Structures are given as structure tokens and as C-alpha cells.
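# Close look at the chain arrangement
Residues per chain, in single letters:
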Amino acid sequence: MSDFAPRQPDPQRICGVSAVRALFLRRPEAVQRLHYLAERRPVAGPLCRYLARHHKAYREVLTDELARIAGTEHHGGIVAIADPRRAQPIGNPPSPILFAAPVLPVLDGIGNPHNLGAIARGAAFFGAKALLLSGDARQADLSDAAFRTSEGALEHLAVFRADDLAQNLRRLSGQLLIVGAAASGGVPPEALPRGKPIALVLGHEEAGLSPDVLAACEARVTLPGSGLVESLNVAAAAAVLMHALLAPRRQAP
């Protein structure tokens, strides 16, 4: 037996007013301590009172120290140190929250945490309830950068991971229409049937959807563009597609 206890995961640094407020709203028990600049006193005051009642630390600091604590200069003047959160296994049976909204974003190997955060922000804006990540080694998980970019959206989404995404998509196909986003060759969003919620599968920033995941998709969707550029950034494409899939179907003249 080893004499050493397993290393505890590092806490996460949640930066920015929107992200910190969402953290206190959804997971206040996860907050370990709070740091903020003098200019953020109006935001920090109620949060500090909560921490004081629960015997947790908070401190007003100067700009250089906050940047050191946050690990970035893009901290928005307030940083909460919180228990780490990661995507949860999808489980069997899967959680009903996966089917609770018209669109479920599914990320297949999207490695940039800023893209993950931006997709989550768009998903929450358009009313998604969950986010499903692949088990691809390239796939980003929840991180400081993802939380910061999501502007609090990740706190409002249940986040799951499927080690074998293709297999799980086939398993979910009875309750979801599995649609892969493609730069070309797919149907426009308005051509998709709307009889059940749509799992919108978004691929790696450069390589696109992996072949086994693409094979598990029941349809492919492509945004029509000018042709002057090949495609949109994956986060921008996700937002446009979610908006289009939620729009009422146009009536034929």
C-alpha cells in the first residue's frame, strides 16, 4: 500500500462578474474564497456577506495580485476560487435533462477551451439545458478558460462526457435526431424535421467530425454562405445553427 494519499485536483479560478455571479447562484457551496478589486465592491459586497456567514475567506486586492491569482490579466476585476467541476459520465440510462430542450449541443474533439466556453454561452442563451462532450483525447473539459469565456453559461448547463460518442449517439437516436454540422454537403437548417429534439454534433476545429461519429449521424446540416470563406469558426457556426434550428419553420408561399 502506498504511503502517499492521491493528489487532490487543483481548484478552479472563476473570473469575471457574470461567471462569479452564476457560480454563487448555482454552486455557492463550491466557493472556497473570493478576491476582487476595489472597483468591484458593489458586486463583491453581497458575495462577501455570504462567505462571512459560512466562514470562508474573501479579500480586496490590487491589480497585480489579482492577475497572479487569476493566472490571467483578463479577470474582470473579480475571481472566485472554487472546487473543481468536470464533465460527468453520461450514464445508463442517460439523464432526462439531455432531452429537455429543443437542441442539445454535442462536441466531438473540440480542443480549444475558449470555443467550448463560447459554445456553452450560445447554448445557454438559446435555452439549452445540457452539453455533451466526446471522450476524444483532443476534447477540452471544463477549465478556467472555458468558465471565463462562457460568461457564467456553464453554471446553467449540465455537462456530460461520453467515452464512446458514436455508440452513445446511436443509443440516444430514439429520443433525439442526431445531426452533424458539416462545412459542405449538408441540408440547410430549415430542411431538418422538427419532430423531436436535435443533437447538434460539432466537430474538431480543423479536422471536423471523426468518421465514426459522422457515421452515427442521421443527417448533416450546412449553413449556406457567400462562398468567399470556407466556413465559420465552430463557436460562431454553433450559435447560428442553434438560432436557425429554433426558428419557426417558414411557410411556403
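Residues numbered from 1 in each chain as written. Predicted model: local features only at pLDDT ≥ 70, side-chain atom pairs only at ≥ 80, totals over all residues. Heavy atoms only, no water.

## Regarding the sheet that holds strand 1 (residues 12-15)
Strand pairs in the sheet, formed through backbone hydrogen bonds, run parallel or antiparallel to each other. Rules: Here, any two strands with at least 2 DSSP bridges between them count as paired. Strands here are runs of E lasting at least two residues and helices are runs of H or I lasting at least four, both read from the DSSP assignment and numbered beginning at the N terminus. Angles shown run from 0 to 180 degrees and are taken between the N-to-C directions of axes, each axis being a line fitted to C-alpha atoms and, for helices, limited to the stretch in contact.
Taken together, the four strands give an open sheet; going across it, the order is 1-4-2-3, and neighbouring strands pair in mixed fashion. The open sheet is flanked by strand 1 and strand 3 (57-60), the only strands paired with a single partner. Across the sheet, the mean angle from the axis of one strand to that of its neighbour is 20°, orientation sign disregarded. Where strand 2 (residues 31-36) lies against strand 4 (residues 78-82), five bridges are found, and the strand directions are antiparallel. What sits directly across from Leu34, in strand 4, is Ala80.

## Regarding helix 3 (residues 63-70)
We apply this condition: Relative accessibility under 20% of the residue-type maximum defines a buried residue, over 50% an exposed one, and the middle range a partly exposed one, all with a 1.4 Å probe and only protein chains included. In this description, one arc is meant: the one made by directions from the helix axis to the C-beta atoms. Here, two residues are considered to be in contact whenever any of their heavy atoms come within 4.5 Å of each other.
Every buried residue of helix 3 is accounted for by Leu66, Ala67, Ile69 and Ala70. Viewed end-on, helix 3 has its buried residues packed into an arc of 160°, placing them on one side of the element. Opposite the packed face of helix 3, turned more than 90 degrees from it, sit the exposed residues Asp64 and Arg68. The elements touched by buried residues of helix 3 are strand 1, strand 2 and strand 4. The first or second residue beyond helix 3 is Gly71, which carries a positive phi of 80°.

## Some points on the layout of surface pockets
Note the threshold: Using protein atoms alone on a 1 Å grid, points that fit a 1.4 Å probe yet trap it form a cavity, whereas open point sets bounded by protein on both sides within 12 Å along at least five of seven lines form a pocket; residues with an atom within 4 Å of a point count as lining. Grid points are joined across faces, edges and corners, and a volume is the space filled by probe spheres set on the points. When residue character is reported, Ala, Val, Leu, Ile, Met, Phe, Trp, Tyr, Cys and Pro are called nonpolar, Asp, Glu, Lys and Arg charged, and the others, Gly included, polar.
In this structure, the largest pocket occupies an estimated 790 Å³ of space. Residue lining of the largest pocket: 35 residues in total, with Ala182, Ala183, Ser231, Leu232 and Ala237 positioned closest to the centre. Among the elements of the structure, strand 10 (198-203), strand 11 (219-221) and helix 8 (234-246) are those that each provide at least two residues to the lining of the largest pocket. For the lining of the largest pocket, the residue count by class is 19 nonpolar, eleven polar and five charged.

## What about the pattern of salt bridges?
Going by this rule: Here a salt bridge means any side-chain nitrogen of Lys or Arg lying within 4 Å of a carboxyl oxygen belonging to Asp or Glu.
Inspection of every chain in the model, using the stated rule, returns seven salt bridges. Via salt bridges that share partners, Arg59, Glu65 and Arg68 belong to a single interconnected network.

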